[in-house]
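Below, each chain spelled out in residue letters.
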Amino acid sequence: MPEDEIQDKSRRTFLKAMIVLSAGAAVAGVLKEGISNLVTPSVGLKSFPSLLIVGTDGKPIIADDIPVSTSIPFLFDYPLADDPNFLLNLGKAIPSTKVSIPATGGTYQSPAGVGPTNNIVAFSAICQHLGCTPPEIHFYPPGTQVIGTSFNGSTNPGYIHCSCHGSTYDPNAGAGVITGPTIHPLPPIILTYNSDKTLTAIGMTPGSPTIYGRVSDLSGGNPLSGSTTEVSYLTG
Amino acid sequence: MDKSLSEKVSELSKNAMDKVNGLVGVEGLHINELPLKRVPSYMRRKGGIWYWTGALISMAFVYQVVTGLILLLYYDPSNAYDGTEYLINSVPYGALILSTHLYGAYAMIVLIYVHMFRNYFTASYKKPRQLQWVLGVILLGLTLGVAYFGYSMTGDQLSLDATDVGRGIASSTPLLGTFLETIVFGNGTSAGTFMRMLGWHIIFTALIGLVFGLHFYLAESNTIMPSPEDTDHKFPAVDKEKPEYRPWWPYNFAFMTQLAMFSFGLIILIPSIIAVIPNIPVLFSPFPISPSQIPLVQSGVIPAYPPWFLLFLYKAVDFNIISYEVGPLHGLAPYFLISVIFGGIPAVYLLVLPFIDRSNDRHPLSRPIITGIGILMFIYLVILSAWGALLPGIPIQMTTVAVIFGVPFVIVMLGMWIISNEYKKGRLLITRNKLLTSYLAFLFIFIAAMLVFSQNVAAFMAKPDALNLVSTALTGGVTSFVAFGVMKSSDYTARLERETVVHAPFQISKNSGIIISSTLAFISVILTYIIFTLNPITQAMEFGIGLGIDLILAGIIIRVYRLVEYHE
């Protein structure tokens, strides 16, 4: 091969390499721009809000008015919109319990019941297994058959059960795991009982799992407007 | 009298056609200059539908794009469920367009599986069609993706569950979890999530259009697969357009129009009929779950499961493959792993298949392992889907999983090994007697399996436990396998018959053609008149029945025309 042709060839290779290099740089830039743009900025709050629990008419819920162990419990959003929680009156004093997290082996102390007889508790109503919400996750009052399980009139002390994949939680003991496939308990909401017999949600329990699908309880949803959170019922 | 009438009609129609030609000119369309390959006539005759599964998919896709764009005009991400209800209850023909969009998607997915398995067993992925096959697998993935997003957009209970499960799987991805979750589902607010899913639904559709364009271009360039005899039973199998192939216009054009009429007709007709049958089980209803059905969800009558095309993955999530104990894979990682095992591994296998299997023999028995894997994939897909539908959300122990997967594996692989050895030694001569024997054997086993299967189903309904489920799934799998065997062996027997005795092609006279098509056309005009009197909001689905029948009648008339005029 003549000398100048060899030179030509190496020059061409060099130029090609330069094209690849610059194109690579441009592609990297475009990828960075595109992917970062796809990740939506997260929305949420800096700290847990104090939200008074009110009815659909805007009037605060009086603790005594919450029906005892009903299969149609109150639901309220906390700490963000689209974060439903059960508001349960279990009809008896609920002590603080040590709840274990099967996923990590860790434990935490669940809040004790509040209200006139320490009978009211609240837990996230989003199943920790794969995120099913009411009506699939559902409270079965004591003595009722838990559909699709062997828990019947005599063996059901009032469980929360999810019909999506069969996870069962015990709200009498901090919504700890009774049956899988879930490996996380339902995170409890911290309530306070006010002197006028109303209830305020003030936070989530330290050490408990975060709400399903959330990196932190305070991000990943719109904050509720105002200083109240409204209860809703499920039909049926 | 009759003859002169028929002559008059054909003269009239010829004059009309000539006028149209004079105005526009078929030549002016240059339709035969399109880079569309001409195909042999047998592909347009009875039974030729098997060669057109790709065309049927693209017709379903066209239907989806048209109805989807109409639905887009009504979609409101900040109010998804109310918007869906408004569309169904207050927009003229909203219910019809929404439900046929759902069934069009079903049709597309079923046809894609048919198309894929047909090309798998005929090894169409081999040289020179490797890239065409890879694009096809990508199209399968994109279609399942677009279907997932579409299904999650109605905002009813099942769609919310689907979103949550998707989030769970996305967020359990190691390292990239939260990153992936926000990319796919947005920032977690309800409106943000629906907006994202609408966006992905459209983006995926656009991608399907793009990849399909390439896939179709390659399909035309690589030509149809000629019959094995033409290529000496070897690859590369490329068709050389023979002089006797008829031009695209008007022969294939008429055939394609006929196929379009039938496929659009069925896509509209099936959900319309299902919608008007009283007391249809809510799972077969083409409409979203309404609030009045919430008690049924709660009591488990409506199980919270995904649409049938994702049931296989859903069931896999129930397998206790990874114990729920403390470990490096604790937390949500199992769902990610299971999605990888049951979704990712088959996908990668299909993608690399053309590069693993490079032999040049066309017979399925020359590659027993590949064919065996294909049969197993089909069996597992059916078993897992049926299992997911019958027993949703029951954790399954490893031993049960091993039995369900192991028994078909052993049977299929052993059977393939024996048959393939026979074939390779040249002992597997297909004779008429052997075919008849295997047909009878298949039929006998099929009847027996049906009996056992129905008993198992009854037992399972009465006592839904793991044992009854396993036996139901097993006999169900055997039943569908031998049903396929009955079909195939009867098909081969018939083909052998045809080779020995040449039947005269089916023909009808021009006059009977005229009588049939004028009767059908008359019926369709009357039918159209009737459905025009229906209420567009409350009787949209009844309208759909009429419209579907209209389209099918039009398809039949084209069929008659092709038979009479083209002798096809």
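The sections below set out a description of the structure shown in this document. (Residues numbered from 1 in each chain as written. Chains lettered and ligands numbered in written order. Predicted model: local features only at pLDDT ≥ 70, side-chain atom pairs only at ≥ 80, totals over all residues.)

It is worth spelling out the overall build of chain A at this point. Within chain A, the secondary structure is distributed over one helix and 13 strands. Starting at the N terminus and walking to the C terminus, you meet the elements of chain A as α-β-β-β-β-β-β-β-β-β-β-β-β-β. Its C-alpha atoms give chain A a radius of gyration of 27 Å, clearly above 18 Å, the size a compact globule of 236 residues would have. Over its C-alpha atoms, taken along the principal directions, chain A stretches across nearly 100 × 45 × 35 Å. Put simply, chain A has 236 residues, and 39% of those count as buried. Pairs at least 24 residues apart make up 60% of the contacts formed inside chain A by residues separated by at least 6 positions. (Helix = DSSP H or I, 4+ residues; strand = E, 2+ residues; numbered from the N terminus. Rg over C-alpha atoms; globule rule 2.2 N^0.38 Å. Buried ≥ 20, exposed ≤ 12 C-beta atoms within 10 Å, placed from the backbone. Contact = placed C-beta atoms within 7 Å.)

As a further point, take unusual backbone geometry. Trans peptide bonds make up the majority, and among non-glycine residues the majority have a negative phi. Residue and element names in this part refer to chain B. Of note, the bond from lysine 127 into proline 128 is cis; its omega dihedral lies within 30 degrees of zero at 5°. Relative to the helices and strands, proline 128 resides in the loop between helix H5 (94–121) and helix H6 (130–151). Between phenylalanine 235 and proline 236 the backbone carries a cis peptide bond, its omega angle lying at -5°. Residue placement: proline 236 occurs in the loop between helix H9 (190–222) and helix H10 (248–276).

With that out of the way, let us pick up the sheet that holds strand S8 (residues 159–162) of chain A. Residues and elements named next belong to chain A. Strand order in the open sheet made by the four strands is S7-S8-S9-S10, with antiparallel pairing throughout. Edge strands, defined here as strands with exactly one partner in the open sheet, are strand S7 (137–140) and strand S10 (176–179). Sheet twist, expressed as the average angle between the axes of neighbouring strands with direction ignored, equals 30°. In the sheet, S7 pairs with S8 via four bridges, with the strands oriented antiparallel. In the strand pairing of S8, phenylalanine 139 is matched with isoleucine 160. (Pairing = 2+ DSSP bridges. Axes fitted to C-alpha atoms, helices over the stretch in contact; angles between N-to-C directions.)

Residue and element names in this part refer to chain A. Ordered in space as S6-S3-S2-S13-S1-S12-S11, the seven strands form an open sheet in which the pairing is mixed. Strands at the two margins of the open sheet, each flanked by one partner only, are strand S6 (120–124) and strand S11 (189–193). Averaged over all pairs of adjacent strands, the angle between their axes in this sheet comes to 35°, without regard to strand direction. Taken together, the three bridges between strand S1 (residues 51–54) and strand S13 (residues 228–232) define a ladder with parallel strand orientation. Paired with leucine 52 across the strands is threonine 228, a residue of S13.

Another aspect to go through is the nonpolar core. Of all hydrophobic cores here, the largest spans 149 residues; its most connected members are Ala122(A), Ala60(B) and Met108(B). With 14 residues, the single largest contributor to this core is H5(B). Residue contacts for Met108(B): discarding those within four places in its chain leaves Ile57(B), Ala60(B), Phe61(B), Gln64(B) and Thr143(B). The next biggest cluster of nonpolar side chains, apart from the first, holds six residues, and it includes Tyr125(B), Trp133(B), Val137(B) and Leu353(B). (Core = buried A, V, L, I, M, F, W, Y, C linked by C-beta atoms within 7 Å.)

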